[in-house]
Structures are given as C-alpha cells and as structure tokens.
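Spelled out, the chains give:
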Amino acid sequence: MTVMLADGRPMPRLGLGTWPMDDEEARPAVTHAVSLGYRLIDTAASYGNERGVGAAVADAPVAREELFVTTKLRGSQHGYDAALRGFEESRARLGLDYVDLYLIHWPLPGRDLYADTWRAFVHLREQGLARSIGVSNFTPAQIERVADETGVWPAVNQVELHPGFPQRDVRAWHAEHDIVTESWSPLGAGRKLLDEPAVRDLAAAHGRTPAQVVLRWHAQLGAVPIPKSANPERMRQNFEVFDFSLSPEDMARLDTLDGAGRLGGDPDTHVEL
Ligand code: A2P
C-alpha cells in the first residue's frame, strides 16, 4: 500500500509518528510497529529520538529497503552548509546509509534561509543520501519559491491536518502540483476530535474505533497520516484502516468538523530551533 511520489519512488500510505518519544520509548515502539506491518517511520532531529529509531531499524526483521525512514532538519541548521552538516548528524544518529525522505521541518521565513537549505537538499538527493526530499509546514508560496529557485519541487509537504483543520486549499494545491500531503497530528493530537459525536457515530456504524474512522478519512483524501502512539493496542488499530470505507455521506459528516483550527505552529510565524 503505497502512494507514488513525483520523483518515481513509492511511499507507504500510513506511518508511525514518533513525537514526543525519547530514544528509550522510540526503540520498542518502532520495533513493535514494524512487527505490525508499519513500514514508514517518521522522526526528526529535534525530537531527540533518532538513535532509538535507528536502533530499531537496525534490529528490524525486514530488509532496510522495505522500510521508509523520514527525518527532518532542525531550524538552527538552515543554510546550505549547515543543512549538509545537519543531515550528516541525523544520518549518524540513525546509523543509516541513506534516509528515504528528508524534510525541512519548518520554513522559518524570518530567517529567510529556506531556499539555500533546499539547494542542500537537492544536492543530498543527487548524492542518493536522501532518496526523496520534501518540506514540512510550508505554504504554497514558500514551495513555489524553492521550486522557482532550483527547478526542483518537493515530493511531500507534511502539514498539520485533521478533520478540525482540513486544509482544503492546501491539499488542492498540492494535488495540482503532484505533491503528496502528509498529515501530522492526524488524530487531532488525540484530544477533543475523537470524542466528537460525528466521529463516535461513524465508529459505531462501522464497528471501528474513532481513531480508525479519522485515519480512514485521511486515506480517502489521499493524504498520508502518521499517527503517534506508543501503546501496542492503539498502534494496531491505527494501522488497520485499509479494509473498510467511508461513504461520501460519512466523509461529508466529517467535513462538518472543520473550524477547530490549528493545534500547532503557523508556518508564517513559527520559530523552531
Ligand atoms: P498514546 O501514545 O498513548 O496512544 P496525533 O498523532 O494526532 O498527534 O495523536 C497522538 C495522540 O493520540 C497521543 O496522545 C496518542 O496517545 C493518542 N492516540 C494515538 N492513537 C490513538 C487511538 N487509536 N485512540 C485514542 N488515542 C490515540
């Protein structure tokens, strides 16, 4: 179960998010996820758990090529040379020869270094060290700028996305430009969203859990959700969302949850180091 990226590489349709796990928590969580069938693991330099993720990948009973490991550059390492160093540091912590997807974690427009940073990402892809490259939390205007300056489009934009903040315009724009939308906080960070009557009713109607209904919504939008859980039972249910479907009416009911707004940072103002 993969989506095809514009660069011709397949990406799993659902993955494990690892924030806010530390190394000690991430290692068994990733090991368990792989045993359940997860193949996409999402980490970041700023999460502080790349060593734990890498240890689990090294021990995994599946070939490295079957796994899809994503990591992200931290804000303090924007700029061409700093980004190349940041990548090498992540790669060393992960203990990997290559990463499958490398993302600029936040655009940090106040620093105005994301275009130079993207040039470094293009270089990393040319070297085969990052098989695919993308961005996270970028606006369409910011993506257009990096594409204009380098001629290379990000394959993925990982953004906050859940029924309370469905990002319709951004998703439509991504689709026009062949950019895969990856959803962070796909469950609305496990807060109010899973208790919404619309979600609970659909869960009851389908004999599923609220989280499965929400993750199925992502899958039917063509987005790649990366739910975080360190709990084995919740990890299991989060992965089992490809054997049922929501009807157009079900999807329309979930659309009524639009309006909760962002839970996390705004791409135009967020500062992350
Ligand atoms: P836990 O790790 O204890 O399972 P998001 O990925 O949207 O940021 O949401 C993550 C939050 O949602 C975590 O607090 C996680 O807690 C919780 N969570 C993950 N999966 C489920 C699930 N299937 N049902 C309820 N809560 C979940």
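Look up: the structure comes first, before these words.
Counting starts from 1 at the beginning of each chain's written sequence and moves along it residue by residue. A pLDDT threshold of at least 70 governs which residues receive local features in this predicted model, and a stricter bar of 80 or more applies before side-chain atom pairs are shown or counted, although totals over entire chains, interfaces and linings include all residues. Calculated side-chain values reflect all of the structure's heavy atoms, with hydrogen atoms and water omitted.

**Description of helix 9 (residues 232-239)**
So, point 1. Taken together, the buried positions of helix 9 are occupied by M235, Q237, N238 and F239.
So, point 2. We call two residues in contact when some of their heavy atoms are within 4.5 Å. Helix and strand definitions here come from DSSP, where helices need a minimum of 4 consecutive H or I residues and strands a minimum of 2 consecutive E residues; each element is numbered from the N-terminal end. Of the surrounding secondary structure, the elements contacted by the buried residues of helix 9 are strand 3 (15-17), helix 1 (23-36) and helix 8 (210-221).
So, point 3. Where helix 9 begins, one side-chain oxygen reaches toward the backbone nitrogen of E233, 3.0 Å away; that side chain belongs to N231. In this scheme, a residue with accessible area under 20% of its type's maximum is buried, one over 50% is exposed, and one in between is partly exposed, where area comes from a 1.4 Å probe on protein chains only. Between N or O atoms, a polar contact is any pair within 3.5 Å; within protein, one atom must be a potential hydrogen donor and the other a potential acceptor, and residues adjacent in sequence are included only when both atoms are from side chains.

**Quick look at the site of the ligand**
So, point 1. It suffices for a single heavy atom of a residue to lie within 4 Å of a molecule or strand for the residue to be listed as near it. Taken together, 16 residues lie around the ligand, and L187, K228, S229, R234 and N238 are the ones closest in.
So, point 2. In this structure, A230 approaches the ligand through a main-chain N or O atom, which is 3.2 Å from an oxygen atom.
So, point 3. The contact in question runs from a nitrogen atom of the ligand to an N or O atom on the side chain of Q237, over 3.1 Å.
So, point 4. For accessible areas, the Shrake-Rupley method is used with a probe of radius 1.4 Å. Any residue's cover is judged against the shown protein chains and nothing else. In isolation the ligand has 570 Å² of accessible area, and contact with the protein removes 76% of it.
So, point 5. With a 1 Å grid laid over protein atoms only, a set of points is called a cavity when a 1.4 Å probe fits there but cannot get out and a pocket when it is open yet has protein on both sides within 12 Å along at least five of seven lines; lining residues have an atom within 4 Å of a point. More than half of a molecule's atoms lying within 2 Å of a cavity's or pocket's grid points is what places that molecule inside it. The site holding the ligand turns out to be the largest pocket.
So, point 6. Considered class by class, the residues forming the shell around the ligand number seven nonpolar, seven polar and two charged. We call Asp, Glu, Lys and Arg charged. Ala, Val, Leu, Ile, Met, Phe, Trp, Tyr, Cys and Pro are nonpolar, and the rest, Gly among them, are polar.

**Let's talk about the pattern of salt bridges**
So, point 1. Any carboxyl oxygen of Asp or Glu that lies within 4 Å of a side-chain nitrogen of Lys or Arg is treated as forming a salt bridge with it. Under the criterion given, the structure shown has 18 salt bridges.
So, point 2. Linking R208 and D243 is a salt bridge whose minimum nitrogen-to-oxygen distance equals 2.9 Å. Linking R208 in the loop between helix 7 (197-206) and helix 8 with D243 in the loop between helix 9 and helix 10 (248-255), this pair joins segments that are 35 residues apart in sequence.
So, point 3. According to the relative accessible area criterion, D243 is exposed, its value standing at 54%.
So, point 4. The partner of R236 in a salt bridge is E240, and the shortest N-O contact between them spans 2.7 Å.
So, point 5. Under the relative-accessibility criterion, R236 is labelled partly exposed at 31%.
So, point 6. Classification of E240 as partly exposed rests on a relative accessible area of 34%.
So, point 7. Three or more residues joined by partner-sharing salt bridges are found here, namely D112, D116, R119, R145 and E149.

**Details of the packing of helix 5 (residues 140-150) against helix 6 (residues 168-176)**
So, point 1. Only the stretch in contact is used when a helix axis is fitted, and all axes are lines through C-alpha atoms; the angle between N-to-C directions ranges over 0 to 180 degrees. Contact geometry of helix 5 with helix 6 gives a least axis separation of 11 Å together with a crossing angle of 25°. It follows from the interaxial angle that helix 5 and helix 6 lie roughly parallel. Residues P140, I143 and E144 of helix 5 touch helix 6, and the partners they reach there are V170, W173 and H174.
So, point 2. Per-class residue counts for the contact of helix 5 with helix 6 are four nonpolar, one polar and one charged. Roughly parallel covers angles under 35 degrees, roughly antiparallel covers those over 145, roughly perpendicular covers 65 to 115, and oblique covers all other angles.

**Thoughts on the layout of surface pockets**
So, point 1. Grid points are joined across faces, edges and corners, and a volume is the space filled by probe spheres set on the points. For the largest pocket, the calculated volume is near 760 Å³.
So, point 2. Lining of the largest pocket is provided by 34 residues; of these, W19, W184, S185, A189 and K228 occupy positions nearest its centre.
So, point 3. Element by element, the count of residues in the lining of the largest pocket is highest for helix 9, at three residues.
So, point 4. By residue class, the composition of the lining of the largest pocket is 13 nonpolar, 15 polar and six charged.

**Let's talk about the side chain of S183**
So, point 1. In this fold, S183 is placed in strand 9 (residues 180-184).
So, point 2. Residue S183 is classed as buried on the basis of its relative accessible area of 0%.
So, point 3. Residues within four places of S183 in sequence aside, it is in contact with V159, L161, H218, A223, V224, P225 and I226.

**Observations regarding unusual backbone geometry**
So, point 1. The omega angle of the peptide bond from W19 to P20 is 5°, so this bond is cis rather than trans.
So, point 2. With respect to the helices and strands, the residue P20 is situated in the loop between strand 3 and helix 1.
So, point 3. A positive phi angle, near 50°, is found at Q167, a position not held by glycine.
So, point 4. The exposure class assigned to Q167 is buried, which follows from its relative accessible area of 13%.
So, point 5. Phi is positive for S185, which is not a glycine, with a value near 50°.
So, point 6. Tracing the backbone through its elements, the reader meets S185 in the loop between strand 9 and helix 7.

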